[in-house]
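Read off the chains here:
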Amino acid sequence: MGAHALSTAIHTKQVSCREVMAATLARIAQINPSVNAIVSLRESDALMQEADGYAALLEKGQSMGWMHGIPQAIKDLAPTEG
């Protein structure tokens, strides 16, 4: 599903933010060992709680924009602690 279709599906509650995060984490687990693209993945529990928070905002009619609830991996271009 492309980003626009995924955004629509999230905003119309065809899929939940939790389902999207779970699918994203499953795909990372499947692919990342061979490509090592994500080197500092946050804890799954924390990410799922964050997804629940985005879902709660949608339940209140609040959206942070078209990318609301879509997981993002930020490129780490500089050294970070740990």
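Described in the following lines is the structure provided in the data block. A quick note: this is a predicted structure, and the numbers were derived from the prediction, not measured.

1. Observations concerning unusual backbone geometry
Across residues other than glycine, the phi torsion is negative in most instances, and most of the peptide bonds are trans. In this model, Lys13 sits at a positive phi of 60°, which is unusual for a non-glycine residue. Within the fold, Lys13 resides in the loop between helix 1 (3-11) and helix 2 (17-35). Unlike most non-glycine residues, Asn36 shows phi in positive territory, near 50°. Note that Asn36 resides in the loop between helix 2 and helix 3 (44-59).

2. With respect to helix 1
Within helix 1, the full set of buried residues consists of Leu6, Ser7, Ala9 and Ile10. Considered in projection along helix 1, the buried side chains sweep an arc of 165° and stay on one side of the axis. Tucked inside the fold, the buried residues of helix 1 contact helix 2 and helix 3.

3. Observations concerning the packing of helix 2 against helix 3
Between helix 2 and helix 3, the shortest axis-to-axis distance is 8 Å and the interhelical angle comes to 150°. Taken together, helix 2 and helix 3 sit at an angle that is classed as roughly antiparallel. As for the relative orientation of helix 2 and helix 3, their crossing is right-handed in sense. Contacts between helix 2 and helix 3 involve Cys17, Arg18, Met21, Ala22 and Leu25 from the former and Ser44, Leu47, Met48, Ala51, Asp52, Tyr54, Ala55 and Leu58 from the latter. Looking at the contact of helix 2 with helix 3 residue by residue, the classes come out as 10 nonpolar, 1 polar and 2 charged.

4. A closer look at the environment of Ala37
Here Ala37 is to be found in the loop between helix 2 and helix 3. Classification of Ala37 as exposed rests on a relative accessible area of 62%. Separated by 36 residues in sequence, Ala37 and Ala73 place their C-alpha atoms 9.6 Å apart.

5. Describing the nonpolar core
Generally speaking, a soluble globular protein has its nonpolar side chains buried in company with each other. One finds Leu6, Ile10, Cys17, Val20, Met21, Leu25, Leu47, Met48, Ala51, Leu58 and Ile70 forming the largest nonpolar core, which totals 11 residues. Elements with a contribution of two residues or more to this core: helix 1, helix 2 and helix 3. Those residues in contact with Leu25 that sit more than four places away from it in its chain are Leu41, Ser44, Leu47 and Met48.

The rules behind the values
Residues numbered from 1 in each chain as written. Predicted model: local features only at pLDDT ≥ 70, side-chain atom pairs only at ≥ 80, totals over all residues. Heavy atoms only, no water. Helix = DSSP H or I, 4+ residues; strand = E, 2+ residues; numbered from the N terminus. Buried < 20%, exposed > 50% of the residue type's maximum accessible area, 1.4 Å probe, protein only. Arc of directions from axis to C-beta. Contact = heavy atoms within 4.5 Å. Axes fitted to C-alpha atoms, helices over the stretch in contact; angles between N-to-C directions. Parallel < 35°, antiparallel > 145°, perpendicular 65-115°, else oblique. Left-handed = near helix turned anticlockwise from the far one by under 90°. Nonpolar A, V, L, I, M, F, W, Y, C, P; charged D, E, K, R; others polar. Core = buried A, V, L, I, M, F, W, Y, C linked by side-chain atoms within 4.5 Å.

By themselves these figures say nothing about function.
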